[in-house]
Amino acid sequence: MKQRDSDAARALDARQQLTRVLAALRDPDRVDAFLDDLCTPAEIEALADRWSVVPLLEAGMPYRQIHEVTGVSVTTVGRIARAMEHGSGGYRAALEHRAALEHHA
């Protein structure tokens, strides 16, 4: 196996382990603590900023207005919108989970 192939396999395995750990941490406080340990403050801020865009896009808010409300660049808003439409379905699944949580609250 080429070095590149083993690096890709290692990266895929690490990603799969990370997703399993995140899924297993059901308590929001534990997820928050894990993110604090795993990410820099700027990385957490970027993740939170991106997530804050998702419900606004879902509500049909224009990109420019989303930028004005969140401070997230119009380019990033567009990237998130494309992922919502043509991505892996993660944003949609998260929105559905969020709606279910709000329904039970």
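Reading guide: rules and limits
Residues numbered from 1 in each chain as written. Predicted model: local features only at pLDDT ≥ 70, side-chain atom pairs only at ≥ 80, totals over all residues. Heavy atoms only, no water. Core = buried A, V, L, I, M, F, W, Y, C linked by side-chain atoms within 4.5 Å. Buried < 20%, exposed > 50% of the residue type's maximum accessible area, 1.4 Å probe, protein only. Helix = DSSP H or I, 4+ residues; strand = E, 2+ residues; numbered from the N terminus. Contact = heavy atoms within 4.5 Å. Patch = residues over 30% accessible without salt bridge, like charges linked within 9 Å, V, L, I, M, F, W, Y side chains within 5 Å. Areas by Shrake-Rupley, 256 points an atom, 1.4 Å probe, with all protein chains shown as cover. Salt bridge = Lys/Arg side-chain N within 4 Å of Asp/Glu carboxyl O. Lys, Arg positive; Asp, Glu negative; His and termini not counted. Charge placed at Lys NZ, Arg CZ, Asp CG, Glu CD. Expected span 1.5 Å × (residues − 1). Axes fitted to C-alpha atoms, helices over the stretch in contact; angles between N-to-C directions. Parallel < 35°, antiparallel > 145°, perpendicular 65-115°, else oblique. Left-handed = near helix turned anticlockwise from the far one by under 90°. Nonpolar A, V, L, I, M, F, W, Y, C, P; charged D, E, K, R; others polar. pLDDT = per-residue confidence, 0-100.

**Topic: the nonpolar core**
Here is step 1: In terms of nonpolar packing, the biggest core is built from 11 residues, these being Val53, Val54, Leu56, Leu57, Ile66, Val72, Val77, Ile80, Ala81, Met84 and Leu95.
Here is step 2: Listing elements by their share of this core, those giving two or more residues are α3 (41-58) and α5 (74-86).
Here is step 3: Excluding anything up to four places from it in sequence, Leu95 contacts Trp51, Val54, Pro55, Glu58 and Met84.

**What to know about a negative patch on the surface**
Here is step 1: Taken together, the side chains of Asp27, Asp29, Asp32, Asp36 and Asp37 make up a negatively charged region of the molecular surface.
Here is step 2: Looking at the secondary structure, you find Asp36 in helix α2 (residues 28-38).

**Considering α3**
Here is step 1: Relative to the 26 Å expected for 18 residues at 1.5 Å per residue, α3 spans 27 Å between its end C-alpha atoms, a close match to the ideal helical length.
Here is step 2: By the burial criterion, the buried members of α3 are Val53, Val54, Leu56 and Leu57.
Here is step 3: Its buried side turned inward, α3 meets α4 (63-70), α5 and α6 (90-104).
Here is step 4: Gly60 sits one or two residues past α3 and shows a positive phi near 90 degrees.

**Observations concerning the packing of α3 against α4**
Two measures define how a pair of helices packs: the angle their axes make with one another and the distance between the axes.
Here is step 1: Between α3 and α4, whose axes approach to 10 Å, the crossing angle comes to 140 degrees. By the angle class used here, α3 and α4 are oblique. Taken as a pair, α3 and α4 cross one another with a handedness that is right-handed. Residues Ser52, Val53, Leu56 and Leu57 of α3 touch α4, and the partners they reach there are Tyr63, Ile66, Val69 and Thr70.
Here is step 2: Of the residues assigned to the contact of α3 with α4, the class counts are six nonpolar, two polar and no charged.

**Focus: the pattern of salt bridges**
Here is step 1: All chains considered together, the criterion is met by three salt bridges.
Here is step 2: For the salt bridge of Arg92 with Glu85, the shortest nitrogen-to-oxygen distance reads 3.6 Å.
Here is step 3: Accessibility expressed as a relative area gives 56% for Glu85, which makes it exposed.
Here is step 4: Overlapping salt bridges bring together Glu58, Glu85 and Arg92 as one network.

**Considerations on the confidence of the model for the protein chain**
Here is step 1: For the protein chain, per-residue confidence averages 93 on the pLDDT scale, and 96% of positions sit at 70 or higher.
Here is step 2: By mean pLDDT, the top-scoring element of the protein chain is α4 (98), and the lowest-scoring one is α6 (88).

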